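Remarks on the overall topology
Listed below, chain by chain, are the residues.
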Amino acid sequence: MTKITLVAFDGTRFDVDAVNGSTVMENAIRNSVPGIEAECGGACACATCHVYVDEAWTDAVGTPQPMEEDMLDFAYDVRPTSRLSCQIKVRDELEGLIVHVPERQA
Amino acid sequence: MSTPIETDVVIVGAGPCGLFAVFELGLYDLKCHLVDILDRPGGQCAELYPEKPIYDIPAWPEISGQALTDKLMEQIAPFKPEFHFNRMVSGFRKLDNGRFEVETDEGELLHCHAVVIAAGGGSFQPKRPPVPGIEAYEGSSVFYSVRRMEEFRGQDLLIVGGGDSALDWTLNLQPVAKSVTLVHRRPDFRAAPDSVNKMFALREQGKINFHVGQVSGLKGEGGQLTAATVKGPDGETDIP
């Protein structure tokens, strides 16, 4: 288990014990974090699980693969810290990870 | 109001489900009319990811969104479906004779025995980018699609995006417009590599401009845009 925190757009914090190997998106859906839609179910085929990785965590989380970058073109208000949460796998090194949910999805 | 079109079934949505409904209904000898907001069949598969492989279609271990659409069109062709593209269903009511009336936003009326709603995630609407005050320019200086190229003749154009639409319109409108500037949030493109190469060639020749960045503000008056502020890695620039 790895502790991760999802911060909804209104500031509500969701502290979650995430199973390693699960994705940040799956944990958001399981815990009904508002603002994460995940329409395609985690196939990197939409941009509705868009999150901003907290500045302190961008290096640990890493950068998107080309396919994810393509999908991010469809997201709303993309920033340098933008990721699709279905493409972030929970692992030990992400203990304490914080991601922020944008104002809205695409 | 036009004369109502009489048919057996009206299908709302021409995505994979709507298209295959034509086949199943056709087996019962039912004739179908389809209404879709897009300008072609395939719905989300054809609009969002025509070239992306899909893995969850029975008997197709891997197929692209466009190929799936093409195959469905081939499969339903014998049943001669009729399509009403670029239309949104705006009204729906039951008639006294037990049939249904479906109205489109272009004012057409369709009368039928049954309506199939195969609308998926809903009709495609333009996605408004997070630019303050953009609403004021929509329809006069900000457009989400190109309907007629002539409208852009002699104008200074700013095209935002990195997909096929953005690149195709950059290439096609370049000879027509006074100037064309393409803005995309990164130097890589989703568009076909051939279009990207052509765009960079035009840039080499000084015929178009390309900036990496995102539009952060608009300047103008009374719906007439005079400049757009583009925020990129090297700060903000105003583009006329």
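Below or above, wherever it landed, is the structure these notes cover.

Definitions and limits used
Residues numbered from 1 in each chain as written. Chains lettered and ligands numbered in written order. Predicted model: local features only at pLDDT ≥ 70, side-chain atom pairs only at ≥ 80, totals over all residues. Heavy atoms only, no water. Helix = DSSP H or I, 4+ residues; strand = E, 2+ residues; numbered from the N terminus. Buried < 20%, exposed > 50% of the residue type's maximum accessible area, 1.4 Å probe, protein only. Contact = heavy atoms within 4.5 Å. Areas by Shrake-Rupley, 256 points an atom, 1.4 Å probe, with all protein chains shown as cover. Expected span 1.5 Å × (residues − 1). Arc of directions from axis to C-beta. 1 Å grid on protein atoms, 1.4 Å probe; cavity = no way out; pocket = protein on both sides within 12 Å on 5 of 7 lines; lining within 4 Å. Points joined across faces, edges and corners; volume = space filled by probe spheres on them. Nonpolar A, V, L, I, M, F, W, Y, C, P; charged D, E, K, R; others polar. Axes fitted to C-alpha atoms, helices over the stretch in contact; angles between N-to-C directions. Parallel < 35°, antiparallel > 145°, perpendicular 65-115°, else oblique. Left-handed = near helix turned anticlockwise from the far one by under 90°. Pairing = 2+ DSSP bridges. Phe/Tyr/Trp six-rings, centres within 6.5 Å; stacked < 30°, edge-to-face > 60°. Lys NZ or Arg CZ within 6 Å of the ring centre and 35° of its normal. Buried area = accessible area lost by both parts, 1.4 Å probe. Salt bridge = Lys/Arg side-chain N within 4 Å of Asp/Glu carboxyl O. Polar contact = N/O pair within 3.5 Å; in protein donor to acceptor, adjacent residues only side chain to side chain.

The next subject is the overall build of chain A. Of the regular secondary structure elements, chain A holds 3 helices and 5 strands. Beginning at the N terminus, the succession of helices and strands in chain A can be written as β-β-α-β-α-α-β-β. Taking all 106 residues of chain A together, the buried fraction comes to 51%. Counting only contacts in chain A whose residues sit at least 6 apart along the sequence, the fraction spanning at least 24 positions is 65%. A total accessible area of about 5,100 Å² is found for chain A, and carbon and sulfur atoms account for 49% of it.

To continue, consider helix α5 (residues 193–204) of chain B. All names here are of chain B. For α5, which comprises 12 residues, the first-to-last C-alpha distance of 16 Å matches the rise-based estimate of 16 Å (1.5 Å per residue) to within 8%. Turning to α5, its buried residues are Ser195, Val196, Met199 and Leu202. In an axial view of α5, the angular spread of the buried residues amounts to 120°, which keeps them on one side of the axis. For α5, exposure combined with an orientation more than 90 degrees from the buried face picks out Pro193, Asn197 and Glu204. Here the buried face of α5 lies against α4 (164–173), β12 (179–184) and β13 (209–212). Where α5 ends, the next residue or the one after it, Gly206, has phi of about 75°, a positive value.

To continue, consider empty space enclosed by the protein. One simple way to see leftover space: roll a probe sized like a water molecule over the atoms. By the definition in use, this model includes 1 cavity of 30 Å³ or more. In this structure, the largest cavity spans a volume of roughly 30 Å³. When grouped by side-chain class, the residues that make up the lining of the largest cavity number 7 nonpolar, 1 polar and no charged.

With that settled, consider the packing of α4 of chain B against α5 of chain B. All names here are of chain B. Orientation of α4 relative to α5, taken along the N-to-C sense of each, is 45°, at an axis distance of 10 Å. Comparing the axis directions of α4 and α5 gives the class oblique. Two packed elements cross with a definite hand, and for α4 against α5 that hand is left-handed. On α5, the residues that touch Leu167, Asp168, Thr170 and Leu171 of α4 are Ser195, Val196, Lys198, Met199 and Leu202. Per-class residue counts for the contact of α4 with α5 are 5 nonpolar, 2 polar and 2 charged.

Turning our attention to the sheet that holds strand β5 (residues 97–100) of chain A. Residues and elements named next belong to chain A. The strand order across the open sheet built from 5 strands is β2-β1-β5-β3-β4, with neighbouring strands paired in mixed fashion. The open sheet terminates on both sides in strands that have one partner only, identified here as β2 (13–18) and β4 (82–84). Each strand of the sheet is rotated relative to its neighbour by a mean of 35°, with strand direction disregarded.

With that out of the way, let us pick up the packing of aromatic side chains. In this structure the tally under the stated criterion is 8 aromatic pairs over all chains. Where Phe20 of chain B meets Phe23 of chain B, the ring centres are 5.3 Å apart and the plane angle is 15°; that geometry is what we call stacked. Of this pair, Phe20 of chain B and Phe23 of chain B both sit in helix α1 (residues 16–27), 3 residues apart, which is roughly one turn of that helix. Under the relative-accessibility criterion, Phe20 of chain B is labelled partly exposed at 31%. Taking 5.9 Å as the distance between ring centres and 85° as the angle between the ring planes, the aromatic pair formed by Phe200 of chain B and Phe210 of chain B counts as edge-to-face. In this pair, Phe200 of chain B is assigned in helix α5 and Phe210 of chain B in strand β13, connecting sequence segments 10 residues apart. When its relative accessible area of 29% is taken as the criterion, Phe200 of chain B is described as partly exposed. The exposure class of Phe210 of chain B is buried, given its relative accessible area of 7%. Across the ring face of Tyr52 of chain A, the terminal group of Arg79 of chain A is positioned such that the distance to the ring centre comes to 4.1 Å. The lysine or arginine in question, Arg104 of chain A, covers the ring of Tyr76 of chain A, its NZ or CZ lying 3.8 Å from the ring centre.

With that settled, consider the interface of chain A and chain B. Chain A puts 15 residues into the contact, and the matching count from chain B is 12 residues. Summing both partners gives a buried area of about 1,300 Å² for chain A against chain B, and 49% of it is carried by carbon and sulfur. Contact with chain B buries area across many residues of chain A, yet Asp73, Phe74 and Val78 of chain A alone supply 41% of it, more than any other trio. Linking chain A with chain B are 6 salt bridges. The tally of links from chain A across to chain B stands at 8 residue pairs in polar contact (both at pLDDT 80 or more). Looking at the side of chain A that touches chain B residue by residue, the class counts come to 10 nonpolar, no polar and 5 charged.

Residue and element names in this part refer to chain B. Burial of the side chains of strand β9 (residues 109–112) extends over both faces: Leu109 and His111 are buried on one face and Leu110 and Cys112 on the other. One ladder, built from 2 bridges, connects strand β1 (residues 5–6) with β9; its direction is parallel. Its bridge partner being in β9, Ile5 is matched across the sheet by Leu110. In sequence, strand β8 (residues 100–104) turns back onto β9 through a hairpin of 4 residues, with Gly107 there showing a positive phi of about 90°.

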